[in-house]
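Each chain is listed here by its residues.
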2 protein chains.
Amino acid sequence: MTNLTDTFAALSDPTRLAVVERLMAEGELPAGRLVKQSDISAPAMSRHLKVLRQAGLVEQRTQGTSRLYSVRPEALKSISDWTLDHRAFWQASMDRLATHLALQDED
Amino acid sequence: MTNLTDTFAALSDPTRLAVVERLMAEGELPAGRLVKQSDISAPAMSRHLKVLRQAGLVEQRTQGTSRLYSVRPEALKSISDWTLDHRAFWQASMDRLATHLALQDED
DNA sequence: CGTTTAATTAACGGATTCGTTAATTAACGT
DNA sequence: ACGTTAATTAACGAATCCGTTAATTAAACG
């Protein structure tokens, strides 16, 4: 099991966050495809993918000379779970804020 | 409005994640209190708090010579919203996984 | 006004991050 | 076995991060 800080670190880079979002939207994709629509080199992308893999955010499988990457849903769930663990805190505050704004609208 | 990658970056350091979690659990606390139960110096903590503040995760108010820090719920909500935006992806996968494991248990 | 308390900013060193180009590994087709 | 395609690892430099100690700012109090 990887640490939550590692998950956050993996998603703290714009290139990596974009990769994860694209893989979620389009599903499994080869590394080369991810390189094409980025403005960095293949080696740079390769190391970003390694970071994502080591953080448990993506997994890799080989097909011919290509490596296909996809998002591991467990990683996403661990983030969601973390926000839910603390939801009692931020939800109440947000509700207060929403109520306050709604009352202001009535003026 | 701050970027989501900045939010993730702020939470990618164990000291900062611990600070945020403690502030959520205990509410507003002075910087000095956060230093005490950490094993880093006051200047180091001060810069961590600055990172959290610039990422919009905490806010600060002054009381006497102390600075009181608290978590901004909006930041937490933005993370929760992000997971919900992609929930359709990971939820379905997790459900499949759960079903699969349940079927295995029956063997 | 000088002192104490609380916290920050300044300055510096070591480690890590992120990009590049060059070299290497891996799988496939002939 | 050889060449091609796809991707990774190696090697290096610039920038950023994170810790430290020393110096500075800010508020409160006699």
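Chain A appears in an unreviewed UniProt entry as ArsR family transcriptional regulator from Roseovarius atlanticus.

K.L.:
Provide a residue-level description of the protein's contact with DNA strand C, including the pertinent values.
P.N.:
Taken together, 22 residues lie near DNA strand C, and A:Ser41, A:Arg47, A:His48, B:Ser46 and B:Tyr69 sit nearest. Counting only atoms of DNA strand C within 4 Å of the protein, the sugar-phosphate share comes to 65%. Between DNA strand C and A:His48 there is a distance of 2.4 Å, counted from a phosphate oxygen to a side-chain nitrogen or oxygen. Taken together, the elements giving at least two residues each to the surface near DNA strand C come down to helix H4 (42-54) of chain A together with helix H3 (31-36), helix H4 (42-54) and strand S3 (66-71) of chain B. The residue inventory of the surface near DNA strand C, partitioned by class, reads eight nonpolar, nine polar and five charged.

K.L.:
Give a description of the relation of the copies chain A and chain B that names residues and reports values.
P.N.:
Superposing chain A onto chain B takes a rotation of 180° plus a shift of 0.1 Å along the axis, which leaves an RMSD of 0.1 Å. When the rotation and shift are considered jointly, the pair of chain copies conforms to a two-fold rotation axis. Among all residues of chain A, the minimum C-alpha distance to the rotation axis is found for A:Phe8, at 2.5 Å.

K.L.:
Explain the interface of chain A and chain B to me, using residue names and the numbers behind them.
P.N.:
At the junction of the two partners, chain A supplies 26 residues and chain B supplies 26 residues. By the criterion of area lost to chain B, the three top residues of chain A are A:Trp82, A:Phe89 and A:Trp90, representing 22% of everything that side buries. Here chain A is connected to chain B by zero salt bridges. Taken together, the links from chain A to chain B amount to four residue pairs in polar contact (both at pLDDT 80 or more). Elements that contribute at least two residues to the side of chain A that touches chain B include exactly helix H1 (4-10), helix H2 (14-26), helix H5 (73-85) and helix H6 (87-105) of chain A. Considering each element in turn, the side of chain A that touches chain B owes the most residues, eight residues, to H5(A).

K.L.:
Please give an account of the protein's contact with DNA strand D that cites residues and values.
P.N.:
As a matter of local geometry, DNA strand D sits amid 22 residues, with A:Ser46, A:Tyr69, B:Ser41, B:Arg47 and B:His48 nearest to it. For DNA strand D, the fraction of protein-proximal atoms (within 4 Å) that sit in sugar or phosphate groups is 67%. Between DNA strand D and A:Tyr69, the relevant distance is 2.3 Å, taken from a phosphate oxygen to a side-chain nitrogen or oxygen of the residue. In this structure, B:Arg47 approaches DNA strand D through a side-chain N or O atom, which is 2.6 Å from a base nitrogen. Mapped onto the surface near DNA strand D, the elements with two or more residues apiece are helix H3 (31-36), H4 and strand S3 (66-71) of chain A together with H4 of chain B. Among the residues forming the surface near DNA strand D, the class breakdown is eight nonpolar, nine polar and five charged.

Conventions adopted
Residues numbered from 1 in each chain as written. Chains lettered and ligands numbered in written order. Predicted model: local features only at pLDDT ≥ 70, side-chain atom pairs only at ≥ 80, totals over all residues. Heavy atoms only, no water. Near = heavy atom within 4 Å. Polar contact = N/O pair within 3.5 Å; in protein donor to acceptor, adjacent residues only side chain to side chain. Helix = DSSP H or I, 4+ residues; strand = E, 2+ residues; numbered from the N terminus. Nonpolar A, V, L, I, M, F, W, Y, C, P; charged D, E, K, R; others polar. Least-squares fit on C-alpha atoms with pLDDT ≥ 70 in both. Contact = heavy atoms within 4.5 Å. Buried area = accessible area lost by both parts, 1.4 Å probe. Salt bridge = Lys/Arg side-chain N within 4 Å of Asp/Glu carboxyl O.

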